[in-house]
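If you want the building blocks of each chain, they are given just below.
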Amino acid sequence: MSRRYLFSSESVTEGHPDKICDQISDTILDALLTQDPTSRVAAEVVVNTGLVLITGEITSKAQVNYVDLARKKIAEIGYTDANNGFSANSCAVLVALDEQSPDIAQGVNEAQEVRDHVSDEELDRIGAGDQGLMFGFACNETPELMPLPICLAHRISRRLSVVRKTGQLPYLRPDGKTQVTVIYEDGKPVGIDTILVSTQHTATIDNITDPVAVQAKIKDDLWDAVVLPCFTDIQVKPDHCTRFLVNPTGKFVIGGPQGDSGLTGRKIIVDTYGGYSRHGGGAFSGKDPTKVDRSAAYACRYAAKNIVAAGLADKCEIQISYAIGVAHPVSIMVDTFGTGKVDDDRLLELVKQHFELRPAGIIRAFKLNHLPAEQGGRFYQDVAAYGHFGRNDLDLPWEQTDKAAILQESAGRVLSGTAV
């Protein structure tokens with residue numbers, strides 16, 4: 001019997017208070033790793049009206065100006081007007097940092113120089129920085145091999161930033177949220193039920209002061225300049241039945257840290273798969289790659305994406321778990337939800353055979369602690385907004401599908417009855 005249901009995912013813009021914190025945390029991480037690849041970083045940020053607090057645990061030989069890093073990132077996001085209650089030049093920036101606990105660090109201290117020449121035996125001796133469980137996911141619903149709801153929510157959020165920064169819609173302000181509800185039939189997206197956009201804006205637009213007229217103009221502008229461009233390569237599109245909601249309370253003038261406080265790591269579902277896949281609970285931003293919450297989640301996405309790219313499944317979720325100080329995962333699980341072209345147990349063997357899942361091996365494979373000079377010290381901060389996965393706008397190692405061909409070949413031998 002056919003089953004029809006709705007699924008929703010949300011995203012937030014780079015000016016959302018929580019995302020400001022994520023971006024400052026990862027800007028600090030970028031700066032530290034650029035100078036000292038052995039840096040141990042757990043940077044947490046809090047923002048509120050006129051205030052930024054940088055706290056956490058950092059052990060590094062790098063010399064950076066945390067206050068300057070925070071102010072530059074806030075200005076880049078777009079908070080430059082003190083009249084909005086939060087501005088790069090006028091906010092107070094407080095720094096309260098400790099060094100990492102030696103009890104935690106001892107399990108990964110041998111990983112201080114994870115370079116290409118590290119032997120396999122050495123990788124076995126470099127343990128995970130903490131216990132925990134991580135998930136990776138991919139599906140063939142979009143060109144990014146991401147679930148359609150979170151893909152569209154991120155696209156709309158990014159587009160809000162583009163039209164604001166280019167001046168196409170100059171009345172927009174940095175804070176905003178999006179949400180997309182997709183209609184599914186038997187696990188396949190077939191329609192767009194609702195598109196919700198809440199975006200900060202100026203009180204008046206083009207000398208229009210009437211609140212109802214202001215909202216009508218915002219809604220018309222967003223549909224043409226923001227929403228429709230996000231569907232150019234998506235087969236499922238909005239139609240006359242699609243609800244389009246914009247700032248449902250009537251206005252959104254006061255926003256950003258003036259409207260709400262923010263904290264690093266509070267948007268873990270936005271950062272991953274929009275709730276479509278399970279989540280291990282660990283946040284990403286502000287953590288150096290010895291923290292498996294981050295690096296192992298990237299490795300899981302890499303493996304799942306290559307399985308889907310190889311055509312071995314329509315959907316694939318991978319879970320791995322670790323014990324602190326132990327290199328090899330405690331457990332690995334592959335689930336294709338009945339869409340696999342080969343048995344899930346066989347896919348599990350292929351994952352073990354073709355993907356590096358030891359923490360130091362992941363760092364080495366993705367070069368997670370050596371930031372290329374040509375990137376200008378930017379890497380982690382660029383994934384701190386608009387999602388860590390499905391980012392075709394960035395050259396991310398865990399988004400490559402370079403293992404798809406060998407997975408196809410290996411699976412083909414299985415299907416033909418030849419042992420791998």
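Everything here concerns the structure above.
Novice: Is there a simple way to explain the pairing of strand E3 (residues 51-59) in this structure?
Specialist: Successive residues of a regular strand alternate their side chains across the two faces of the sheet. Of the two faces of E3, only the one carrying Val 52, Ile 54, Gly 56 and Ile 58 is buried; Leu 51, Leu 53, Thr 55, Glu 57 and Thr 59 on the other face are not. Of the strand pairs in this sheet, strand E2 (residues 40-48) and E3 are connected by nine bridges, and their pairing is antiparallel. Looking at E3, one finds that Asn 48 is bridged to Leu 51. Remark: two residues form the turn of the hairpin made by E2 and E3, two consecutive strands paired antiparallel; Gly 50 in that turn has positive phi of roughly 70 degrees. Bridge analysis of E3 against strand E4 (residues 92-98) gives seven bridges, and the strand direction is parallel. Residue pairing in the sheet places Val 52 in a bridge with Val 93 of E4. As for the winding sense of the linkage, the β-α-β connection from E3 through helix H2 (residues 66-77) to E4 is right-handed.

Novice: Mind showing me how you'd approach helix H11 (residues 359-366) here?
Specialist: The α-helix winds at 3.6 residues per turn, so residues separated by three or four positions along the chain end up facing the same way. Burial runs high along H11: six of the eight residues are buried. Along H11, the residues that are buried comprise Pro 359, Ala 360, Gly 361, Ile 362, Ile 363 and Phe 366. On its buried face, H11 sits against helix H4 (120-125), helix H9 (292-309) and strand E10 (315-322). Immediately beyond the C-terminal end of H11, within one or two residues, lies Lys 367, with a positive phi of roughly 55 degrees.

Novice: So what exactly am I meant to see when it comes to the nonpolar core here?
Specialist: Side chains of a nonpolar character, in soluble globular proteins, are inclined to be buried together. Ranked by size, the top nonpolar core spans 106 residues in total, and within it Val 52, Leu 222, Ile 318 and Trp 398 carry the most contacts. It is H9 that provides the largest number of residues to this core, a total of eleven residues. When neighbours within four sequence positions are excluded, Trp 398 is seen to be in contact with Tyr 298, Arg 301, Tyr 302, Phe 366, Leu 368, Phe 379, Val 383, His 388 and Phe 389.

Novice: How should I be thinking about the environment of Ala 70 in this particular structure?
Specialist: Along the polypeptide, Ala 70 turns up in helix H2. Look at Ala 70 and you get buried, because its relative accessible area is 0%. Between the C-alpha atom of Ala 70 and that of Ile 24, which follows or precedes it by 46 residues, the distance is 5.7 Å. If near-sequence neighbours (up to four positions away) are discounted, Ala 70 is found in contact with Ile 24, Ile 54 and Val 93.

Novice: Would you mind showing me how to read unusual backbone geometry here?
Specialist: Of note, Asp 186 is a non-glycine position whose phi angle comes to about 50 degrees, a positive value. With respect to the helices and strands, the residue Asp 186 is situated in the loop between strand E6 (172-185) and strand E7 (188-201). Within the chain, Asp 206 stands out as a residue other than glycine whose phi angle is a positive 50 degrees. Note on placement: Asp 206 falls in the loop between E7 and helix H6 (211-227). Judged by its relative accessible area of 58%, Asp 206 falls in the exposed class.

Novice: Help me understand the sheet that holds E7, please; the structure alone is not making it clear to me.
Specialist: Strand order in the open sheet made by the four strands is E1-E6-E7-E8, with mixed pairing throughout. Edge positions in the sheet fall to strand E1 (4-12) and strand E8 (243-246), since each of these pairs with one other strand and no more. Taking each pair of neighbouring strands and ignoring which way they run, the sheet shows an average axis angle of 15 degrees.

Novice: Looking at this structure, how should I read the pattern of salt bridges?
Specialist: For side chains of opposite charge, pairing can occur when their charged atoms come near one another. In the structure shown here, the tally under the stated rule is 28 salt bridges. Lys 19 is the salt-bridge partner of Asp 271, the closest N and O atoms lying 2.6 Å from each other. Taken together, the residues span a long stretch of sequence, with Asp 271 in helix H8 (residues 268-271) and Lys 19 in helix H1 (residues 17-35) at a distance of 252 residues. Its salt-bridge partner being Arg 243, residue Asp 193 comes within 3.5 Å of it at the nearest N-O pair. With Asp 193 in strand E7 and Arg 243 in strand E8, this residue pair connects regions lying 50 residues apart in the sequence.

Criteria and thresholds
Residues numbered from 1 in each chain as written. Predicted model: local features only at pLDDT ≥ 70, side-chain atom pairs only at ≥ 80, totals over all residues. Heavy atoms only, no water. Buried < 20%, exposed > 50% of the residue type's maximum accessible area, 1.4 Å probe, protein only. Helix = DSSP H or I, 4+ residues; strand = E, 2+ residues; numbered from the N terminus. Pairing = 2+ DSSP bridges. Right-handed = clockwise from strand over helix to strand, strands pointing away. Contact = heavy atoms within 4.5 Å. Core = buried A, V, L, I, M, F, W, Y, C linked by side-chain atoms within 4.5 Å. Axes fitted to C-alpha atoms, helices over the stretch in contact; angles between N-to-C directions. Salt bridge = Lys/Arg side-chain N within 4 Å of Asp/Glu carboxyl O.

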